[in-house]
Amino acid sequence: MASFVAHRAALSLRSSYVVYSRRAIHSTPTVLKKKAAAVEIEDLFSDEVVEDLIPSEPVTRNKPAPSADVAKAAGKPAPEASSSKASSVVKAKATKSRKLSEEDRVARFNQTLEFVTPRLGRNPTIKMPMVRNSIWAQLVQLAMTKQQLETITGMFSRWVESGHKFDNSFSELFVRRCEELKCPLLALKVYGDFAKYSLPLSLPAARQLLHSLHREHPIETVMTATSLYDVYNLPSVSEDLVSASLVASACFKHNTKDSLTVANVLVPQIKTLLEDHQPQPKPAQGDAKKVSTPSPGAFSEKPSTWLKWTLKKIDQTIYSQTGKRDTAIRSWRERSGHIIAPASS
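Here the structure is a predicted model, which means the values were calculated and not measured.

> Any chance you could break down unusual backbone geometry for me, citing the residues and the numbers?
Most peptide bonds adopt trans geometry, and most residues besides glycine take a negative phi value. Residues Met 128 and Pro 129 are joined by a peptide bond in cis, for which omega reads -10°. In this structure, Pro 129 sits in the loop between helix H5 (102-116) and helix H6 (135-142). Residue Lys 182 is not a glycine yet carries a positive backbone phi of 60°. Take Lys 182: it is sitting in the loop between helix H9 (168-180) and helix H10 (184-191). Residue classification places Lys 182 among the exposed positions, given a relative accessible area of 65%. In this structure, Ser 198 takes a positive phi of about 55° despite not being glycine. Mapped onto the fold, Ser 198 is located in the loop between helix H11 (194-197) and helix H12 (203-213).

> So what's going on with a positive patch on the surface? Residues and values would help.
A contiguous patch of positive charge, built from Arg 215, Lys 253, Lys 308, Lys 312 and Lys 313, is present on the exposed surface. Here the positive patch takes three residues from helix H16 (residues 301-322), the largest share from any one element. By secondary structure assignment, the location of Arg 215 is in the loop between H12 and helix H13 (219-231). Residue Arg 215 is classed as partly exposed on the basis of its relative accessible area, which comes to 47%.

> Can you tell me about the side chain of Gln 208, naming the residues and giving the values?
Looking at where Gln 208 falls in the secondary structure, it is placed in helix H12. Owing to a relative accessible area of 9%, Gln 208 belongs among the buried residues under this scheme. With sequence-adjacent residues up to four places away left out, Gln 208 is seen in contact with Val 175, Arg 176, Glu 179, Lys 302 and Trp 306.

> Can you explain the packing of helix H14 (residues 241-254) against helix H15 (residues 257-275)? Please cite residues and give values.
Where H14 meets H15, the closest approach of the two axes is 8 Å, and the angle between their N-to-C directions is 150°. Relative to H15, the element H14 is oriented roughly antiparallel. In this structure, H14 meets H15 at a crossing whose hand is left-handed. Contact with H14, carried on its side by Leu 241, Ala 244, Ser 245, Val 247, Ala 248, Cys 251, Phe 252 and His 254, involves Ser 259, Leu 260, Val 262, Ala 263, Asn 264, Leu 266, Val 267, Ile 270, Leu 273 and Leu 274 of H15 and no other residues of that element.

> So what's going on with the pattern of salt bridges? Residues and values would help.
The tally for this structure, following the rule as stated, stands at seven salt bridges. Between Glu 161 and Arg 122 there is a salt bridge; the shortest N-O distance is 3.7 Å. Of the two residues, Glu 161 sits in helix H8 (residues 156-161) while Arg 122 sits in the loop between H5 and H6, which places them 39 residues apart along the sequence. Relative accessible area serves as the criterion here: at 34%, Glu 161 is assigned to the partly exposed category. With a closest N to O distance of 2.9 Å, Asp 315 and Arg 330 form a salt bridge. With Asp 315 in helix H16 and Arg 330 in helix H17 (residues 327-335), this pair connects stretches of sequence that are 15 residues apart. Residue Asp 315 is classed as buried on the basis of its relative accessible area, which comes to 0%.

Conventions used here
- Residues numbered from 1 in each chain as written.
- Predicted model: local features only at pLDDT ≥ 70, side-chain atom pairs only at ≥ 80, totals over all residues.
- Heavy atoms only, no water.
- Helix = DSSP H or I, 4+ residues; strand = E, 2+ residues; numbered from the N terminus.
- Buried < 20%, exposed > 50% of the residue type's maximum accessible area, 1.4 Å probe, protein only.
- Patch = residues over 30% accessible without salt bridge, like charges linked within 9 Å, V, L, I, M, F, W, Y side chains within 5 Å.
- Areas by Shrake-Rupley, 256 points an atom, 1.4 Å probe, with all protein chains shown as cover.
- Salt bridge = Lys/Arg side-chain N within 4 Å of Asp/Glu carboxyl O.
- Lys, Arg positive; Asp, Glu negative; His and termini not counted.
- Charge placed at Lys NZ, Arg CZ, Asp CG, Glu CD.
- Contact = heavy atoms within 4.5 Å.
- Axes fitted to C-alpha atoms, helices over the stretch in contact; angles between N-to-C directions.
- Parallel < 35°, antiparallel > 145°, perpendicular 65-115°, else oblique.
- Left-handed = near helix turned anticlockwise from the far one by under 90°.

Given below as structure tokens:
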């Protein structure tokens, strides 16, 4: 019953923003300034360059290594069979860890675009060497502005025309990068038009999208993102603890009549979901190095951090509304190590 009420309440709020939502998904993005503001890039998007996915000029086949007898006759030690492999590994690692300046990143981005562009579409002008799937991750990593990400998304349809498709891991990488570069509305636009961009939306990507929108964007934008759960056959927001907590926190923050209705309906759903997800308390200092297998229903580090933050906001809002602490939420936060439980008498 609560799930039904939550669904109806969400529909009520969503309907009041349906016109805006459609425009938000399909509108043409405005052009930002050419020079993007400085952003804090997480480790995944550091200045370290991933492997170079653009094939270099063809090289002649290496001659076979001389045998031990030939090498001995020449007065040289015979090379070990694994030496060339070890050298290749070291060279590959050096390539991966090489730093790029901002100018070099732009040059590499443009170089990669020049390689990819003529190899896309139903009738590519250049067919060999072929574009590898992982080159899209390299492009997203190299992008430093919204405009560069828009350039990448403009090529999505031609990649699909070439007979390829994007996987969930790239989708999650893309939406995260959009948040890093402070352009989550671009991600919302892309996911809102699957027919054009063909980018799948997984549950982790949907959570990331909600996280990128729930604090600094209008509540109608958040509700537009929640509508994508149905479009991509994901569990409803009220059935996913992280998603429900993000939406409830956003609704409480915006503090409108409709948003508070949705938030107050989602809270019982969140409490029910907490019963099925065992908290993961922080390990003691002596156990920090021990590797433990996550229990069923446990989250990875990032969603757990989001859940910690949103449950804190929900707990505080409920207290400000009623003057009482919610026992279920408070207890779960204590068992998770989010707050210190009061000393027993």
